Amino acid sequence: MKLINFSAGPAMLPRSVLEQARDELVDYGGAGMSLVEMSHRGPEYPAVHEQAVALARRVFEVPADFSVLFLQGGATLQFSMVPMNLLCPGKAGGYVVSGAWAKKAIADGRLYGDAYAAWDGAGVHYCRMPRPEEIELREGTRYLHVTSNETIGGIQMFGWPALGVPLVGDMSSDYLSRPIPWEHFDVVYGGAQKNLGPAGVTLVFLRQAILESTNRGLGAYLRYGYHDDGNSLANTPPVFAIWLVGKVLCWVEKQGGLGAMEAASRRRAGILYAAIDASGDFYRSPVEPTSRSLMNVVFRLPTDDLEERFLAEAAAAGLVGLKGHRSVGGCRASIYNAMSVEGVEALAGFMAQFRAANG
């Protein structure tokens, strides 16, 4: 049975990318060994790395005044690197606390400087993103940190706050799914393991002008300027992950780029939300419609017992990875770029059958 993987991450990758990697893995380019066995200082890997950087610039349409960095440590390390580098004395970092991942970002930010909640969604049970007028910035705010898509809560930001301060964006779970409005941002970061590639590498876009005022009293790896040599080769890079990111970027480019990815994500999400909304009260989304994520569709059934039965029968039908995060329960279908429309239609069909049998 061919499984359809709705896992939130590490998530499914395009089948053609996996097949290409399989064919090249043992003997890369006729060199007699695998790329992951070669020195990153040799002739083969730097070409792979430079191609991945160039593809990232092209596919994301990155302005010339941004650096492209492939780092490690996931978004979690960036929760610390952002305030460590940007919060100089007298400056504060505002945070949109939109859910579980934003909570982690501000918690780490407070360890390194004046990090405060410019908006906290606790009062609305983290069921939506803020309206611009709800965000309250302090004087001396250096940046406003936003989590563009809360993977656990299933909410996504569709309007970017333009409040006179640069944005820092954690885009881990909707990277590569839509264009980025670069004029609003100083830093954009995210782990690769949703839309970009396998776990193990973090893609960071950095406006070069901010390096003039970043904190230099940090250990080497923790300084953005240490990596800003255009190739992120200050230490041994995660070779395998970057290699596959390059292949995924090629795949996205062939599909039509970010515009095509956004259109496809809206189509996939529309199918599932229609199935939820047409079910009466059998399937229920806890998210306000204006903030419904196109990447992570969360929903509940009438009882815990029905949810357990739904998940078990779905898995038996080859629909896997649908269990909600342990902190919130319920069900969650993650429908990243590599998910086909046919896969989403299979889930919607199963949902209709399950409701008919149990409603």
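Nothing here was measured: the structure is a model prediction, and the numbers come from that model. (Residues numbered from 1 in each chain as written. Predicted model: local features only at pLDDT ≥ 70, side-chain atom pairs only at ≥ 80, totals over all residues. Heavy atoms only, no water.)

Colleague: Pulling in residues and values, what's your account of empty space enclosed by the protein?
Modeller: For the coordinates displayed, the defined rule picks out two cavities of 30 Å³ or more. By volume, the largest cavity is sized at about 50 Å³. In terms of lining, the largest cavity is formed by Phe-60, Trp-160, Met-171, Asp-174, Tyr-175, Leu-176, Arg-178, Pro-179, Ile-180 and Pro-181. Split into classes, the residues belonging to the lining of the largest cavity amount to eight nonpolar, no polar and two charged. The computed volume of the second largest cavity comes to approximately 40 Å³. In terms of lining, the second largest cavity is formed by Met-12, Leu-13, Pro-14, Lys-194, Asn-195, Trp-251, Tyr-336, Asn-337 and Ala-338. Taken together, the residues of the lining of the second largest cavity break down into six nonpolar, two polar and one charged. (1 Å grid on protein atoms, 1.4 Å probe; cavity = no way out; pocket = protein on both sides within 12 Å on 5 of 7 lines; lining within 4 Å. Points joined across faces, edges and corners; volume = space filled by probe spheres on them. Nonpolar A, V, L, I, M, F, W, Y, C, P; charged D, E, K, R; others polar.)

Colleague: Lay out the pattern of salt bridges in plain terms, naming residues and giving numbers.
Modeller: Applying the stated criterion across every chain, the model contains 18 salt bridges. In this structure, Lys-247 engages Glu-24 in a salt bridge whose closest nitrogen and oxygen atoms are separated by 2.9 Å. Within this pair, whereas Lys-247 is found in helix H6 (residues 239-255), its partner Glu-24 is found in helix H1 (residues 15-25), the two being separated by 223 residues in sequence. Owing to a relative accessible area of 10%, Lys-247 belongs among the buried residues under this scheme. Here Glu-134 makes a salt bridge to Arg-131, at a shortest N to O gap of 3.0 Å. Using a relative accessible area of 21% as the deciding quantity, one classes Glu-134 as partly exposed. We classify Arg-131 as partly exposed; its relative accessible area is 41%. Residues joined in a network through salt bridges with shared partners are Arg-128, Arg-131, Glu-133, Glu-134 and Glu-288. (Salt bridge = Lys/Arg side-chain N within 4 Å of Asp/Glu carboxyl O. Helix = DSSP H or I, 4+ residues; strand = E, 2+ residues; numbered from the N terminus. Buried < 20%, exposed > 50% of the residue type's maximum accessible area, 1.4 Å probe, protein only.)

Colleague: Let's hear about the packing of aromatic side chains: which residues, and what values?
Modeller: Taken as a whole and assessed by the stated rule, the structure comprises 18 aromatic pairs. Between the aromatic rings of Tyr-283 and Phe-310, the centroid separation amounts to 6.0 Å while the plane-to-plane angle is 70°, which identifies the pairing as edge-to-face. In this pair, Tyr-283 is assigned in the loop between helix H7 (257-277) and strand E11 (296-299) and Phe-310 in helix H8 (residues 304-316), connecting sequence segments 27 residues apart. Taken as a pair, Tyr-283 and Phe-310 share a single burial class, namely buried. Within the aromatic cluster, the residues linked to one another by ring pairs are Phe-282, Tyr-283, Phe-299, Phe-310, Phe-350 and Phe-354. (Phe/Tyr/Trp six-rings, centres within 6.5 Å; stacked < 30°, edge-to-face > 60°.)

Colleague: If you had to explain the pairing of strand E5 (residues 141-147) to someone new, which residues and values would you point to?
Modeller: Most of E5 is tucked away: seven of the seven residues are buried. Both strand E3 (residues 92-97) and E5 contribute to a ladder of four bridges, which runs parallel. Bridge assignment links Gly-94 to a residue of E5, and that residue is Leu-144. With four bridges connecting them, E5 and strand E8 (residues 167-170) associate as parallel partners. Each bridged residue has a counterpart across the sheet, and for Val-146 the counterpart in E8 is Gly-169. (Pairing = 2+ DSSP bridges.)

Colleague: Any chance you could break down the state of the cysteines for me, citing the residues and the numbers?
Modeller: By definition, a disulfide is the covalent link that joins the sulfur atoms of two cysteine residues. The final tally for this structure, using the stated rule, is zero disulfides. Free of any disulfide, Cys-331 has its nearest cysteine sulfur in Cys-127, 19 Å distant. (Disulfide = S-S within 2.5 Å.)

Colleague: Quick one: what's the story with the layout of surface pockets, residue by residue and with numbers?
Modeller: Considering only enclosed or pocket space, the largest pocket measures out at about 380 Å³ in volume. Contributing to the lining of the largest pocket are 25 residues, with His-125, Ile-152, Gly-153, Pro-286 and Val-328 lying nearest its centre. Here the residues of the lining of the largest pocket are counted per class, giving 12 nonpolar, nine polar and four charged. Lys-2, Leu-3, Met-12, Leu-13 and Arg-15 are the residues nearest the centre of the second largest pocket, which is lined by 14 residues in total. Those elements that provide at least two residues to the lining of the second largest pocket are strand E1 (4-5) and H1. Of the residues in the lining of the second largest pocket, the class split is nine nonpolar, three polar and two charged.

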